[in-house]
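Here's the letter readout for the chains.
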Amino acid sequence: MNNFSRRDVLKLSGAALGTMTIGPELTQANWCDAFPPLGGCDQNWYFKALAPFLPGEPLPKGEIRISFMGSSPVLRRARAGASVFVELGNGSNEQGEYDEAYNDCFVFDCGAGSSINYGAMAVQMSKMRKVFLTHLHGDHMNDLTQIYCFGPQQDAKSPLYVWGPSRPMVCDPDTGEQHEDGTLDFARHFREMNRWHTASQSFVGTRWNDAEGAGYDLFVTELNSKNYAHLSRDPWVAYHDRHRKVNISFFPAVHDRNGSISYKLEWNRMD
């Protein structure tokens, strides 16, 4: 069995780049021979060589972790709807010491089945209270029901905050009336749809003693998907925390119809 150091791998990577730009010195065959422990030629050899991620693994201070919890509209046992989880190593306790419990965490979309992956990766419901929706396709927002309904029964005993696009200004071709299908419209019906559930769970505590709100409180920020000029700090800004130096902006996305948006998260780049 051949053992390779990090330096050896970097040398091979440099040789591969040289092959692409200079000549055929390193072929696919001898590249595959370089990694016999991984079963010969395998395009995923680098990822298989990485150390496995352990659920609940600590996030060092100053680092960022991005986890894809789902990326497919076609559901399988190993696939879930779109969702991306972002953790920032910026938490601090009352003594000013780094504390993961206070890290900023953001959920971008939460498609069907993605909440299963959050559970498998030991992500607490309390870390899933800021949800940013890119659009309202089912494979991007279906598991919001799971987060909303069952979070307060666990440790998510604080309000759920949701950001998403406004009405796309699409009108009915027959009546000329504007469709009521923005994020605020969605949230209003979403709250009504889940009222049976929340009312039946009234015997369970859904609020921390010192919390300003309860787990079934739902706050929605609608981002103007037509003019892209939001009424928050500046145009194009969805979320801004100057103290923690976190900024999330949004911009139009070409996806099926008017009204879809994308997000950009910036951290430690503000004055």
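Model, not experiment: these values are computed from the prediction.

Further remarks concern unusual backbone geometry. Apart from glycine, the bulk of residues carry a negative phi angle, and the bulk of peptide bonds sit in the trans form. Of note in the backbone geometry, Asp 109 takes a positive phi value of approximately 65 degrees without being a glycine. Within the secondary structure, Asp 109 is located in the loop between strand E3 (105-108) and helix H4 (114-120). Asp 109 sits in the buried class, given a relative accessible area of 5%. With a phi angle near 60 degrees, Ala 122 is a residue other than glycine that sits in the positive phi range. With respect to the helices, strands and loops of the structure, Ala 122 is situated in the loop between H4 and strand E4 (130-132).

Here we take up the sheet that holds strand E2 (residues 83-88). Spatially, E1-E2-E3-E4-E5-E6 is the arrangement adopted by the 6 strands of the open sheet, whose pairing is mixed. Of all strands in the sheet, those with a lone pairing partner are strand E1 (64-70) and strand E6 (218-223), marking the two edges. The mean angle between the axes of side-by-side strands here comes to 20 degrees, regardless of whether they run parallel or antiparallel. Two strands pair when backbone bridges link them, and E1 and E2 are joined in this way by 6 bridges, in the antiparallel orientation. Among the inter-strand pairings, Gly 70 is bridged to a residue of E2, identified as Ser 83. Running at roughly 160 degrees to E6, helix H7 (residues 183-193) makes contact with strand E5 (160-165) and E6 of the sheet.

What follows deals with the nonpolar core. Val 131 and Leu 144 are the most contacted members of the largest nonpolar core, which has 22 residues in total. Looking at this core, the elements that each hand over two or more residues are E3, helix H6 (144-150), E5 and H7. When sequence neighbours within four positions are dropped, the list of residues in contact with Val 131 reads Val 107, Cys 110, Leu 144, Leu 160, Tyr 161, Val 162 and Trp 163. Counting residues in hydrophobic clusters, the runner-up holds 15 residues, among them Leu 88, Phe 132, Leu 223 and Val 246.

On to a nonpolar patch on the surface. A cluster of nonpolar residues, Tyr 46, Phe 47 and Leu 50, forms a patch on the protein surface that exposes about 340 Å² of accessible area. For Phe 47, the position within the fold is in helix H3 (residues 45-49). Residue classification places Phe 47 among the exposed positions, given a relative accessible area of 59%.

Right, let's get into the pairing of strand E7 (residues 237-241). Within E7, 4 of the 5 residues are buried, which leaves the element mostly enclosed by the surrounding structure. Inspection of the sheet shows E7 paired to strand E8 (residues 246-252) by 4 bridges, in the antiparallel sense. The residue bridging Val 237 from the neighbouring strand is Ser 249, located in E8. The turn joining E7 and E8, which pair antiparallel and follow one another in sequence, is formed by 4 residues; a positive phi near 60 degrees is taken by Lys 245.

So, about the side chain of Gln 201. Along the polypeptide, Gln 201 turns up in the loop between helix H8 (195-200) and E6. If sequence neighbours within four positions are ignored, Gln 201 has contacts with Gln 153 and Tyr 216.

Scoring rules and cut-offs
- Residues numbered from 1 in each chain as written.
- Predicted model: local features only at pLDDT ≥ 70, side-chain atom pairs only at ≥ 80, totals over all residues.
- Heavy atoms only, no water.
- Helix = DSSP H or I, 4+ residues; strand = E, 2+ residues; numbered from the N terminus.
- Buried < 20%, exposed > 50% of the residue type's maximum accessible area, 1.4 Å probe, protein only.
- Pairing = 2+ DSSP bridges.
- Axes fitted to C-alpha atoms, helices over the stretch in contact; angles between N-to-C directions.
- Contact = heavy atoms within 4.5 Å.
- Core = buried A, V, L, I, M, F, W, Y, C linked by side-chain atoms within 4.5 Å.
- Patch = residues over 30% accessible without salt bridge, like charges linked within 9 Å, V, L, I, M, F, W, Y side chains within 5 Å.
- Areas by Shrake-Rupley, 256 points an atom, 1.4 Å probe, with all protein chains shown as cover.
- Salt bridge = Lys/Arg side-chain N within 4 Å of Asp/Glu carboxyl O.

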